[in-house]
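Each chain, written out:
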Amino acid sequence: MAKILFVVSGATYLTLKDGTRYATGYWAEEFAAPYKALTEAGHQVVVATPGGVTPNVDMMSLRPEMAGGVEGALELEAIIRSAEVMRRPLKLSDVRLEDYDAVYLPGGHGPMEDLWVDADAGRILTAQLASGKPLAIVCHAPAAMLATRIHGVSPFKGYRVTCFTNDEEEGVGLASRTRWLLEDELQELGVEFSRGEIWKPYLVEDRNLITGQNPHSAAILADRLLQILK
């Protein structure tokens, strides 16, 4: 049995360019699909957030039209409700990486509010990348890579990476409203960015780093993690 650390945003909103707050959090599918796959395979999941706050699900991600229908939405709700670990997260500052076999970060717009400037998130990602153990990050969660910069330089420079694309951000109506775009910022970081079709599962693996483009990529990312952890 492996022990996997889920680093989850604690944000409840994203501050937009005009200063207004856009209600958000973590994206249901990006937590629920990997959580279900990993725990059903017998692995243990531990959740950590900035300050140990209880993560907030983005309610839009539980709408039937976002969850593949009414049944899909109800299943996501049931998984989240059953996940006791979400109600008693560790503080990121208390995380001892040597206790874990892999690290996973789900997205939602939350990481663009907190994880991208969180020093503990930066420390965890930097150390996990260097450890050679699996580091899996999906959708908007690669924003946390921005917290790894020291004097403008990140250890992720030169790695092949994907994330929620500018086109997908345009599709949800936020591209012109956010303070910055994740795809642009990652390219500034010096990663080798790649992408698939919008809204389709897409995964990129480079050494021990696995990134997924969008919510639908969370399930295939979890499958890959299960293969590695066998």
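Calculation rules
Residues numbered from 1 in each chain as written. Predicted model: local features only at pLDDT ≥ 70, side-chain atom pairs only at ≥ 80, totals over all residues. Heavy atoms only, no water. Buried < 20%, exposed > 50% of the residue type's maximum accessible area, 1.4 Å probe, protein only. Helix = DSSP H or I, 4+ residues; strand = E, 2+ residues; numbered from the N terminus. Pairing = 2+ DSSP bridges. Core = buried A, V, L, I, M, F, W, Y, C linked by side-chain atoms within 4.5 Å. Contact = heavy atoms within 4.5 Å.

J.: Let's hear about the pairing of strand S10 (residues 203–206): which residues, and what values?
T.: Of the two faces of S10, the one lined by Val204 and Asp206 is fully buried and the one lined by Leu203 and Glu205 carries no buried residue. The sheet contact formed by S10 and strand S11 (residues 209–212) spans four bridges and is antiparallel. Following the sheet pairing, Glu205 is matched in S11 by Ile210. The hairpin turn running from S10 into S11, its antiparallel successor, is two residues long, and Arg207 in that turn takes a positive phi close to 55 degrees.

J.: Which residues make up the nonpolar core, and what values do they have?
T.: One finds Leu5, Leu105, Leu135, Met145, Leu186 and Leu209 to be the most contacted residues of the largest nonpolar core, which totals 38 residues. No other element matches the four residues that helix H3 (residues 119–131) contributes to this core. Apart from residues no more than four positions distant in its own chain, Leu5 is found in contact with Val46, Ala48, Val95, Leu97, Tyr100, Ala102, Val103, Tyr104 and Ile124. By size, the runner-up hydrophobic cluster in this structure holds 34 residues, among which are Ile4, Ala32, Met86 and Val138.

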